Amino acid sequence: MGAGVCLRRRGLSKLAQSSRKSVTVAGGGVAGMSAACALAEAGLRVELVERRGYLGGRASSYLHPGVNEVIDNCQHVLFGCCTNLVGFYRRIGVADRIYWTSEMTMIEPGGRRSQLGPSWLPAPLHGLPKLMAAHAFSLADKLALARAFTALMRPVPANSTESLEAWLRRNGQTQGAIERFWRLVIASALNADIDSIAMPYAAKVIRELFMNSAFAGSMGMSTLPLSDLYAGVTPYIEQRGGSVHLNAHLESATWDEDGAQWTIRTRNWELASDFLVVALPFEATAKLIPQMPRAEGAEVLAAQIERHEHWPICSVHLWFDREITELDHAVLLDREIHWLYNQSRLQRGRGGHYIELVVSATRAFAGLPREEAIRKALTELGEFFPRVRDAKLEKAALVKEVFATFGVPPGIDSSRPSALSPWPNCFLAGDWTATGWPSTMESAARSGHLAAETICRSTGEPQAFLNPDLKPEGLMRWVRVGNRK
Ligand SMILES: Cc1cc2nc3c(=O)[nH]c(=O)nc-3n(C[C@H](O)[C@H](O)[C@H](O)COP(=O)(O)OP(=O)(O)OC[C@H]3O[C@@H](n4cnc5c(N)ncnc54)[C@H](O)[C@@H]3O)c2cc1C
């Protein structure tokens, strides 16, 4: 008897004994985990089904065989405004494992540093004194940035089809402001070129990170490898009567109209439940559609997915024989490497001198062979931190995530479906669904909470899981900028 039959029998007999509704959540990324935990809290019996042998999806850690170290697939940062991600961390008891900082150090080749961060001034002026003192920007750059921030006090229509690049041109941004602020800080947060970013998304990021309040823009980093952060997910679900199934690739799903039940199939077993949440990336959702029952609207969904595009992120992981910087993290200007994370300092207790460099939205870097990419990163790092030249590189790893994030070009919102799917009792989640957020862990957590709310509503027992946005502070309280759904 296959494991699937056992699972099916166990599932059905439990259901028969109880009136408790059951739900299968396919996909153990942040979207699936946050939906699963919220639904377990709501009293549903949850079966979380994940293709890989660990949870976390695109935000996870694993033992890298080449260096024999547990590494994150890439440093993941969150911000104070990521209320749903923080809500998910709170639910599984790890919110205190995030290290928060409001300071951002920008470094020019040669080592000159500028500090961005809040002051005593009320929002949105809190960042102004440090911006005005920053060596990284000329006076013309600073005036251009001040002009842009002032312009962003006015609403940007949610349906604007203007790109960030066109908006920057229209708002007289200098080359320095574009390269060192808009391209490096904003486009890299959205992981795309400035001509491929819809203005409403750029405006949202600027307001949250630099205008609404000092806390909204503070940056959070896990002090644990990412998958360790989710160690509480399985016990959370199990204590509430559910299960987590790893190494379980959902291959197809059928809907029994009479019994009002979904049955999902993996290679070895099948599982029945009242509800199904498809919390997969868009490309995996597209592959699943032909393996789902025929439904009106399925073709529209497939066409929406076709309009999505991936952007890559690469990370270079370096272990030195000595400390090369006392900084926890930094923004590196004018070179291909963009962000530095001092993992030995951020993930205390891991020892060694481990530095991670992140290169966002650069298809050229993603195309380099391993040795060349590492050599390039190392050479550039030496331009910012002279100690690199004397240090011995003990080992190195390159992680290329070619399908890291989806882009948010103008018009993308019409291709982001809501939690409602074309199938009965089946709901969609995933960072790419309609959350109003770009491809981030916050978007994933939001989508999970939205799917959980939609299911609870459909059972006639509505529950609120969506964590409210942070309220703007200071002068921002009187500015009408809430222009996105
Ligand atoms: C390199 C990199 C850097 C990033 N940096 C940041 C950052 O700094 N800050 C930030 O907020 N975001 C960042 N992101 C984006 C963030 O990781 C994603 O937006 C988020 O993790 C998406 O979560 P998700 O649950 O929607 O999708 P995923 O994480 O892709 O989860 C989907 C899950 O479904 C599983 N799956 C797929 N097919 C099947 C199947 N058929 N059956 C069962 N399971 C299946 C997958 O294995 C995966 O675990 C980064 C992403 C990458 C790759």
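Above: the structure in question.
Residues numbered from 1 in each chain as written. Predicted model: local features only at pLDDT ≥ 70, side-chain atom pairs only at ≥ 80, totals over all residues. Heavy atoms only, no water.

**Q** So what's going on with the overall build of the protein chain? Residues and values would help.
**A** The number of helices and strands found in the protein chain is 17 helices and 20 strands. Relative to the compact-globule value of 23 Å for 485 residues, the protein chain shows a C-alpha radius of gyration of 23 Å, a close match. With the C-alpha coordinates aligned to their principal axes, the bounding extent of the protein chain is approximately 70 × 50 × 35 Å. Across the 485 residues that make up the protein chain, the buried fraction comes to 58%. Carbon and sulfur atoms make up 52% of the accessible area of the protein chain, which totals about 20,000 Å². (Helix = DSSP H or I, 4+ residues; strand = E, 2+ residues; numbered from the N terminus. Rg over C-alpha atoms; globule rule 2.2 N^0.38 Å. Buried < 20%, exposed > 50% of the residue type's maximum accessible area, 1.4 Å probe, protein only. Areas by Shrake-Rupley, 256 points an atom, 1.4 Å probe, with all protein chains shown as cover.)

**Q** So what about the environment of Pro118? Which residues, and what values?
**A** Along the chain, Pro118 falls in the loop between strand 8 (113-116) and helix 4 (128-133). Remark: the alpha-carbon pair of Pro118 and Glu103, spanning 15 residues in sequence, is separated by 7.6 Å. Sequence-distant contacts of Pro118, defined by excluding residues within four places in its chain, comprise Ser102, Glu103, His126, Lys130 and Ala214. (Contact = heavy atoms within 4.5 Å.)

**Q** So what about the nonpolar core? Which residues, and what values?
**A** Ranked by size, the top nonpolar core spans 132 residues in total, and within it Leu39, Tyr89, Phe181, Trp182, Ile186, Tyr230 and Val233 carry the most contacts. The contact partners of Trp182, leaving out residues within four places of it in the chain, are Leu145, Ala148, Leu152, Leu164, Trp167, Leu168, Gln173, Ala177, Ala187, Ile194 and Ile206. Formed by 27 residues, the second largest nonpolar core is a distinct cluster that contains Val316, Ile337, Ala366 and Leu381. (Core = buried A, V, L, I, M, F, W, Y, C linked by side-chain atoms within 4.5 Å.)

**Q** Help me get a handle on the sheet that holds strand 2 (residues 45-49), residues and values and all.
**A** The strand order across the open sheet built from 5 strands is 10-2-1-14-20, with neighbouring strands paired in parallel fashion. The open sheet terminates on both sides in strands that have one partner only, identified here as strand 10 (243-245) and strand 20 (426-428). Each strand axis lies, on average, 20 degrees off the axis of its neighbour in the sheet, ignoring direction. As paired elements, strand 14 (residues 275-278) and strand 20 share 3 bridges and run parallel to each other. In the sheet register, Leu276 faces strand 20, and the bridge partner there is Cys426. Against the sheet, helix 2 (residues 30-41) touches strand 1 (22-26), strand 2 and strand 14, its axis set at about 165 degrees to strand 2. (Pairing = 2+ DSSP bridges. Axes fitted to C-alpha atoms, helices over the stretch in contact; angles between N-to-C directions.)

**Q** Got a sec to walk through the sheet that holds strand 19 (residues 393-406)? Specific residues and values, please.
**A** Taken in spatial order, the 7 strands line up as 8-7-16-17-18-15-19 in an open sheet, and their pairing is mixed. Either end of the sheet is taken by a strand with one partner, and the two such strands are strand 8 and strand 19. Direction aside, neighbouring strands of the sheet carry axes that sit 25 degrees apart on average. The pairing of strand 7 (residues 104-107) with strand 16 (residues 329-332) spans 2 bridges and is classified as parallel. Within the sheet, the bridge partner assigned to Met106 lies in strand 16 and is Val331. Where helix 15 (residues 370-384) meets the sheet, it contacts strand 7, strand 15 (310-320), strand 16, strand 17 (339-342), strand 18 (353-360) and strand 19, and its direction lies at approximately 105 degrees from that of strand 19.

**Q** Pulling in residues and values, what's your account of helix 12 (residues 298-306)?
**A** Along helix 12, the positions that sit buried rather than exposed are Ala298, Leu301, Gln304 and Ile305. End-on, the buried residues of helix 12 take up no more than an arc of 120 degrees, which puts them together on one face. Exposed and facing more than 90 degrees away from the buried side of helix 12 are Glu299, Val300 and Glu306. Of the surrounding secondary structure, the elements contacted by the buried residues of helix 12 are helix 11 (282-288) and strand 20. (Arc of directions from axis to C-beta.)

**Q** Pulling in residues and values, what's your account of the pattern of salt bridges?
**A** Counted according to the given criterion, the structure contains 26 salt bridges. Among the salt bridges present, the one from Arg112 reaches Glu108, with a minimum N-O distance of 3.0 Å. Under the relative-accessibility criterion, Arg112 is labelled partly exposed at 44%. Exposure remark for Glu108: the relative accessible area of 10% places this residue in the buried category. Arg446 serves as the salt-bridge partner of Asp469, at 2.5 Å between the closest nitrogen and oxygen. Linking Asp469 in the segment after helix 17 (441-458) with Arg446 in helix 17, this pair joins segments that are 23 residues apart in sequence. Taking relative accessible area as the criterion, Asp469 reaches 42% and is therefore assigned partly exposed. A single network of salt bridges, built from pairs that share partners, joins Glu108, Arg112, Arg180 and Asp334. (Salt bridge = Lys/Arg side-chain N within 4 Å of Asp/Glu carboxyl O.)

**Q** Mind laying out the site of the ligand, listing which residues take part and the relevant values?
**A** Around the ligand, a shell composed of 35 residues is seen, among which Glu50, Arg58, His76, Val77 and Asp431 lie nearest. Between the ligand and Val30, the relevant distance is 3.1 Å, taken from an oxygen atom to a main-chain nitrogen or oxygen of the residue. His249 places a polar side-chain atom, nitrogen or oxygen, 3.3 Å from a nitrogen atom of the ligand. Isolated, the ligand exposes 1,000 Å² of accessible area, and the fraction of that covered by the protein chains is 94%. For the shell around the ligand, the secondary structure elements donating two or more residues are helix 2, strand 19 and helix 17. With 3 residues, the top contributor of residues to the shell around the ligand is strand 19. Residue composition of the shell around the ligand, by class: 16 nonpolar, 13 polar and 6 charged. (Near = heavy atom within 4 Å. Polar contact = N/O pair within 3.5 Å; in protein donor to acceptor, adjacent residues only side chain to side chain. Nonpolar A, V, L, I, M, F, W, Y, C, P; charged D, E, K, R; others polar.)

**Q** Describe the pairing of strand 18, and please don't skip the residues or the numbers.
**A** In terms of burial, strand 18 is largely enclosed, as 7 of its 8 residues are buried. Pairing between strand 15 and strand 18: 8 bridges, direction antiparallel. The residue of strand 18 that forms the bridge with His317 is Glu356. Direction of pairing for strand 17 relative to strand 18: antiparallel, over a ladder of 4 bridges. The residue of strand 18 that forms the bridge with Asn342 is Ile355.

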